[in-house]
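# Structural description and commentary
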There are 2 protein chains.
Amino acid sequence: MNYSVITITREFGSGGRTIAKKLADDLGFKYYDYELIQQVAKESGFAESFVEEFGEESQNTGFFAYLTNTWGTSVSDQLYLAERKVILELAEQGNCVIVGRCADYILEERTDTLNVFIYADMEFKKDRIITLYGEREESIEKRIIDKDKRRKAHYKYYTDRNWNRAANYHISLDSGKLGVEKCVEIIESIVK
Amino acid sequence: MNYSVITITREFGSGGRTIAKKLADDLGFKYYDYELIQQVAKESGFAESFVEEFGEESQNTGFFAYLTNTWGTSVSDQLYLAERKVILELAEQGNCVIVGRCADYILEERTDTLNVFIYADMEFKKDRIITLYGEREESIEKRIIDKDKRRKAHYKYYTDRNWNRAANYHISLDSGKLGVEKCVEIIESIVK
């Protein structure tokens, strides 16, 4: 099996983004992050900062449902549709790693896609965020829980699947138990 | 990290048992199947055939709930408690692979345990069962669905967790997509 697209769905603080970057570096794949945000912003007309902040967290509630465009499409749906279009286009170019944004679901029809889920225990995620981002410890657990809650709700809304269900992905890895380096090694052993 | 126990939770037809046997062979670990059934039979007083047939499928409904021993413990709970005791004892001896029977949950406290979940798409499972066991095709899908439904209900009853939730395990592998051989290779790369 030749894989030309890797999607990484990850819990906040699990090291999923680090794993994605390392994979792209090692495999010579494109790592789409800022470029994806730029293209979605261009596609949707929303500001880049808005796409960055809400691109994985919007769902049709409150502000996101209330505000619609001329055709009655909510802000949340406009954002999702723009992301979907850009992700399909980027995947078509091949050899890339895409983080989050329901990419596993959006690219479901492609047989050359490897869908990965990265998660970890709370202690690992807290330590990682404190060490990497220098955050204060007191509020960090709540932030992790809230962020993942929003990502899960977004995923559920647009895919009708639970994001922590193993069968959504081809491989799920506990980065807290296995270590970030080992996760990279395992994924590379599948793709190479 | 040194792992001395591997637990394999698997969907029916996914090749989980084959993976478990291969791992045990390659790593020089004990593979507990018939021996576990024998010991549970001895521990519980139930017939070996009964333990084999219902050890992963019982829950407190119908017959299993109605029939109790002198102390009011249901047949289902007696079976589970005997399995739990035997699994804890076997794990204590180390270097082993244990398939099914909520072993991931029962051994949760042990840090030297690697918990694996193996699953696959329906086509892969059907093909595998037809090829390996020579079953007739017409009823095989229903049999797969029914068997996993009973295993899931048993797992849920005794662990209060959904068995297809990635976070129950340290690694989850789609054997249909990755192939049985590759699954073995990945797990060995973690344990070795």
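In this numbering scheme, every chain counts its residues from 1 along its sequence in written order. For naming, the first written chain is A and the first written ligand is 1, with later ones following in the order written. Confidence filtering applies because this is a predicted model: local features only for residues at pLDDT of at least 70, side-chain atom pairs given and counted only at 80 or more, and all residues used for totals across whole chains, interfaces and linings.

Secondary structure follows DSSP: runs of H or I at least 4 residues long count as helices, runs of E at least 2 residues long count as strands, and numbering of each begins at the N terminus. Secondary structure assignment for chain A yields ten helices and five strands. Principal-axis analysis of the C-alpha atoms gives chain A an extent of 50 × 45 × 30 Å. Going through the 192 residues of chain A one by one, you find that 46% of them count as buried. Working definition of a contact: two residues with C-beta atoms, positioned from the backbone, lying within 7 Å. Of the contacts made within chain A by residues no fewer than 6 positions apart, 68% connect residues no fewer than 24 positions apart. To assign burial, the other C-beta atoms lying within 10 Å of each residue's own C-beta are counted, with C-beta atoms placed from the backbone; 20 or more indicates buried, 12 or fewer indicates exposed, and intermediate counts indicate partly exposed.

Each strand in a sheet pairs with its neighbour through backbone hydrogen bonds, running either in the same direction (parallel) or in the opposite one (antiparallel). For two strands to pair, DSSP has to find at least two bridges joining them. Reading across from one edge, 2(A)-3(A)-1(A)-4(A)-5(A)-5(B)-4(B)-1(B)-3(B)-2(B) is the order of the ten strands in this open sheet, with mixed pairing throughout. Pairing within the sheet leaves two strands with one partner each, and these edge strands are strand 2 (30-32) of chain A together with strand 2 (30-32) of chain B. With direction set aside, neighbouring strand axes in the sheet form an average angle of 20°. Pairing of strand 1 (residues 5-10) of chain B with strand 3 (residues 96-99) of chain B involves four bridges; the strand directions are parallel. From the neighbouring strand, Val-5 of chain B faces strand 3 of chain B, where its bridge partner is Cys-96 of chain B. Sitting on the sheet, helix 10 (residues 180-191) of chain A touches strand 1 (5-10), strand 4 (113-119) and strand 5 (171-174) of chain A, and the angle it makes with strand 4 of chain A is about 170°. Working convention: axes come from line fits to C-alpha atoms, limited for helices to the stretch in contact. Angles between N-to-C directions cover 0 to 180 degrees.

Turning our eyes to something else, we now look at the interface of chain B and chain A. Contacts between chain B and chain A engage 17 residues on the former and 17 residues on the latter. Elements with a contribution of two residues or more to the side of chain B that touches chain A: strand 4 (113-119), strand 5 (171-174), helix 9 (175-178) and helix 10 (180-191) of chain B. Just so you know the grouping, Ala, Val, Leu, Ile, Met, Phe, Trp, Tyr, Cys and Pro go in nonpolar, Asp, Glu, Lys and Arg go in charged, and all remaining residues, Gly too, go in polar. Across the side of chain B that touches chain A, the residue classes break down as nine nonpolar, four polar and four charged.

Right, let's talk about the nonpolar core for a bit. In summary, soluble globular proteins display a tendency toward joint burial of nonpolar side chains. Buried Ala, Val, Leu, Ile, Met, Phe, Trp, Tyr and Cys residues whose C-beta atoms connect them within 7 Å together make up a nonpolar core. Residues Ile-6, Leu-23 and Val-97 of chain A together with Leu-23 and Val-97 of chain B are the most contacted members of the largest nonpolar core, which totals 104 residues. Apart from residues lying up to four places away in sequence, Val-97 of chain B is in contact with Ile-6, Ile-8, Ala-20, Leu-23, Ala-24, Phe-29 and Tyr-31 of chain B.

Residues other than glycine seldom take positive phi values, yet Arg-101 of chain A does so here, at roughly 60°. Mapped onto the elements, Arg-101 of chain A comes out in the loop between strand 3 (96-99) and helix 6 (103-106). Although it is not a glycine, Cys-102 of chain B sits at a positive phi angle of roughly 60°. Judged by local crowding, Cys-102 of chain B falls into the buried class, with 25 C-beta atoms found within 10 Å.

Let us now look at the pairing of strand 5 of chain B. A two-sided burial pattern is seen for strand 5 of chain B, the buried positions comprising Ile-171 and Leu-173 of chain B on one face and Ser-172 and Asp-174 of chain B on the other. Pairing of strand 5 of chain A with strand 5 of chain B involves three bridges; the strand directions are antiparallel. If you follow Ser-172 of chain A over to strand 5 of chain B, its bridge partner there is Ser-172 of chain B. Bridging between strand 4 of chain B and strand 5 of chain B involves four bridges; their strand directions are parallel. Bridge pairing links Ile-118 of chain B to Leu-173 of chain B in strand 5 of chain B.

This part covers the packing of helix 7 (residues 122-133) of chain B against helix 8 (residues 140-159) of chain B. All names here are of chain B. Where helix 7 meets helix 8, the axes come as close as 10 Å, and the angle between the chain directions of the two elements is 110°. One way to sum up the angle between helix 7 and helix 8 is to call them roughly perpendicular. Residues Met-122, Lys-125, Lys-126, Ile-129 and Ile-130 of helix 7 pack against Ile-140, Glu-141 and Ile-144 of helix 8. Class assignment for the residues of the contact of helix 7 with helix 8 results in five nonpolar, no polar and three charged. Roughly parallel refers to an angle under 35 degrees, roughly antiparallel to one over 145, roughly perpendicular to one between 65 and 115, and oblique to any angle outside these ranges.

Residues and elements named next belong to chain A. With respect to the element layout, Tyr-3 can be found in the segment before strand 1. Distance from Tyr-3 to Cys-102, taken between C-alpha atoms, is 18 Å for residues 99 residues apart in sequence. Leave out the neighbours within four places in its chain, and Tyr-3 touches Asp-112, Thr-113, Leu-114 and Val-191.

A least-squares fit on C-alpha atoms brings the copies together, and the residues used are those whose pLDDT is at least 70 in both copies. Screw-axis analysis of chain B against chain A gives a translation of 0.0 Å along the axis, an RMSD of 0.0 Å, and a rotation angle of 180°. In the structure described here, the two chain copies are related by an operation that fits a two-fold rotation axis. In this assembly the copies share their binding face: 100% of the residues contributing to the interface of chain B also contribute to that of chain A.

With that settled, consider the pairing of strand 3 of chain B. Residue and element names in this part refer to chain B. Going residue by residue along strand 3, you find Cys-96 and Ile-98 tucked away on one face and Val-97 and Val-99 tucked away on the opposite face as well. Pairing between strand 2 and strand 3: three bridges, direction parallel. What sits directly across from Tyr-32, in strand 3, is Ile-98.

With that settled, the discussion passes to the environment of Gly-45 of chain B. Residue and element names in this part refer to chain B. One can find Gly-45 in the loop between helix 2 (34-44) and helix 3 (48-54). Look at Gly-45 and you get exposed, because 10 C-beta atoms sit within 10 Å. Distance in space between the C-alpha atoms of Gly-45 and Gln-78 is 9.4 Å, their sequence separation being 33 residues.

A few words now on helix 7 of chain B. Residue and element names in this part refer to chain B. The length a helix should cover is 1.5 Å for every residue beyond the first. With twelve residues, helix 7 ought to run about 16 Å at 1.5 Å a step, and its terminal C-alpha atoms sit 16 Å apart, in line with that. Of the residues making up helix 7, those classed as buried are Phe-124, Lys-125 and Arg-128. All buried residues of helix 7 lie within an arc of 95° about the axis, which places them on one face of the element. Residues of helix 7 that are buried in the fold lie against helix 8 and helix 9. Directions from the helix axis toward the C-beta atoms define the arc.

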